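Here is how the chains run, residue by residue.
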Amino acid sequence: MSKRSSTFFDDDPETSVYSVAVVDETEEVFGELEHVFDQRDETIHFEQYDSSRVSDEEVYDRYDAMLFIEGTVDHPVAHYEAPSINQSYLPRVLESEIQSIAEEKRIEQSGISEEVIENIAQPITFSLEASDDNARSEAELDQARFFVYILLFVIYFTVLFLGNMIASEVATEKSSRVMELLITSTSPAQQMFGKILGVGLVGLTQYSIIFLVALVTFGMGMDGSLPQVSGNVGQAEQEMIQEASFSLELFMLAFVYFVLGYFLYATLAAMLGSLVTRIEDVGLAVGPMNMLVILALLISMFSLGNPSATITTVTSYIPFFYANDYVFTGWYGRSVLI
């Protein structure tokens, strides 16, 4: 078996072809591994290797890794060796399969039937219900998390691109004679808000086009129902997507927070752009604002999984990390938005 070829960009680890040399002192694990992966039609191929040839310098020209197995089949001791262990997919899969083989052998030796094992491993029934009448249901919380997740990245990229554009435009006008005409015809407040609204409408138009293209590509039906999802998506995920019905209230709330977040950072970017006289200095001026945006994004992502954390509660009172209390109503937590 030849070693897999290298490419400029590595392929997906789960679809790459691997060849593994196995030194099996148990004389049983190798056969079980080969049988399991042959049945699954996996891209991991095994070849039994003589332990006396382990010192061969050309071994890694033929194999991606070596697997040493000692002990017994029910209590194996495995050792994985490769030129580099920064790729975790292959050793993780091998460890999992060897563990499964050992467990099956132990069960077989103990004389426990498959029916008893299936009965022991049968999952319990566990449901969620909020006792507060004003609390949101699990489906509504999932929809809210979805909107918050999308809104975070929309505002993140909007602030980075449009905010820096506003700061650059302000600095450009200051370094040219255009400013002399503007200050005599309009007030500073009109000029600033005109620029913020103009750039904001450009960004909103771009997002609208992207949204419409995504909507058409996704193939939403005329009745508003979502299409059947196929592929590697599980049955539970398919049912959640099919039953999704986003409320107008949640959508409008997401839009309001997007507009408010944009105006907050756009005004800050315009102020920072007015502090410099050269376009080359705009990057330094808006640097602290960009760091603030990144910090807000990191806190927001953390808050999605832990809305009742102290940092979430504290930052929800800071305008730059303003919170949407609606999203996690019933938990008395806050989901941080930019």
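Preceding this section is the structure that the text describes.
Note that the structure is predicted; figures quoted are calculated from it, not measured.

Thresholds applied
Going along each chain's sequence as written, the residues are numbered from 1 onward. At least 70 in pLDDT is required for a residue's local features to be given in this predicted model, at least 80 for side-chain atom pairs to be given and counted, and no such filter applies to totals for whole chains, interfaces and linings, which use all residues. Note that the side-chain values use all heavy atoms of the structure and ignore hydrogens as well as water. For helices the rule is a DSSP run of H or I covering at least 4 residues; for strands it is a run of E covering at least 2, with both sets numbered from the N terminus onward. To estimate how far a helix should extend, the number of its residues minus one is multiplied by 1.5 Å. Note on bend: the value at a residue is the angle between axes fitted to the seven residues ending there and to the seven starting there. Burial status follows relative accessibility: with a 1.4 Å probe on protein chains alone, a residue under 20% of its type maximum counts as buried, one over 50% as exposed, and anything between as partly exposed. Buried Ala, Val, Leu, Ile, Met, Phe, Trp, Tyr and Cys residues that are joined via side-chain atoms within 4.5 Å together make up what is termed a nonpolar core. Every residue pair with non-hydrogen atoms within 4.5 Å of one another is taken to be in contact. Throughout this description, the term salt bridge denotes a Lys or Arg side-chain nitrogen within 4 Å of a carboxyl oxygen of Asp or Glu. The residues that make up patches have over 30% relative accessible area and no salt bridge, and they are joined within 9 Å when like-charged or within 5 Å when they are Val, Leu, Ile, Met, Phe, Trp or Tyr. Surface accessibility in these figures is a Shrake-Rupley result with a 1.4 Å probe; residues are shielded only by whichever protein chains are displayed. Two strands pair under a simple rule: DSSP has to find at least two bridges between them.

Draft legend 1. Local environment of helix α10 (residues 282-305). The end-to-end C-alpha distance of α10 is 36 Å, a good match for the 34 Å that 24 residues give at a rise of 1.5 Å each. Maximum bend of α10: about 35°, positioned at Pro-288. Listed as buried for α10 are Val-282, Ala-285, Val-286, Met-289, Asn-290, Val-293, Ala-296, Leu-297, Ile-299, Ser-300, Ser-303 and Leu-304.

Draft legend 2. Looking closely at the nonpolar core. Membership of the largest hydrophobic core comes to 28 residues, with the highest contact counts inside it found for Leu-151, Val-159, Tyr-265, Leu-272, Val-282, Val-286 and Met-289. Counting residues per element, the ones that place at least two in this core are α5 (138-174), α9 (248-274) and α10. When residues in this core are grouped by element, the largest group, 10 residues, is from α5. In contact with Val-159, not counting residues within four places along its chain, are Asn-164, Tyr-265, Met-289 and Val-293. One finds Leu-33, Ala-82, Leu-90 and Val-93 within the second-largest nonpolar core, a separate group that totals 20 residues.

Draft legend 3. Spatial organisation of the pattern of salt bridges. Throughout the structure, instances matching the rule amount to 3 salt bridges. Between Lys-105 and Glu-108 there is a salt bridge, with the nearest N and O atoms lying 3.8 Å from each other. With Lys-105 and Glu-108 both in helix α3 (residues 89-110), this residue pair falls 3 residues apart, about one helical turn. Classification of Lys-105 by relative accessible area gives buried; the value is 17%. Accessibility expressed as a relative area gives 58% for Glu-108, which makes it exposed. A salt bridge links Asp-281 to Arg-278; the nearest nitrogen and oxygen atoms lie 3.3 Å apart. For Arg-278, a relative accessible area of 47% corresponds to the partly exposed category.

Draft legend 4. Highlighting unusual backbone geometry. Positive phi, normally seen in glycine, also occurs at Glu-27, with a value near 65°. With respect to the element layout, Glu-27 can be found in the loop between β1 (18-24) and α1 (29-40). For Glu-27, a relative accessible area of 70% translates into the label exposed.

Draft legend 5. Representation of a nonpolar patch on the surface within the structure. Together, Leu-201, Leu-204, Leu-248, Phe-251, Met-252, Phe-255, Val-256 and Leu-260 give the surface a local cluster of nonpolar side chains, amounting to about 750 Å² of exposed area. Sorting the residues of the nonpolar patch by element identifies α7 (188-218) and α9 as the ones contributing at least two each. The element best represented in the nonpolar patch is α9, accounting for 6 residues. You can see Leu-260 is positioned in helix α9.

Draft legend 6. Spotlight on the pairing of strand β3 (residues 65-71). Taking burial as the measure, the 7 residues of β3 include 5 buried ones, the bulk of the element. In this sheet, β3 lies alongside β1 in parallel orientation, the contact comprising 5 bridges. The partner of Val-22 across the bridge, within β3, is Leu-67. Note: β3 against strand β4 (residues 76-81), 6 bridges, orientation antiparallel. From the neighbouring strand, Leu-67 faces β4, where its bridge partner is Tyr-80. Linking β3 back to β4 in an antiparallel pair, the connection comprises 4 residues.

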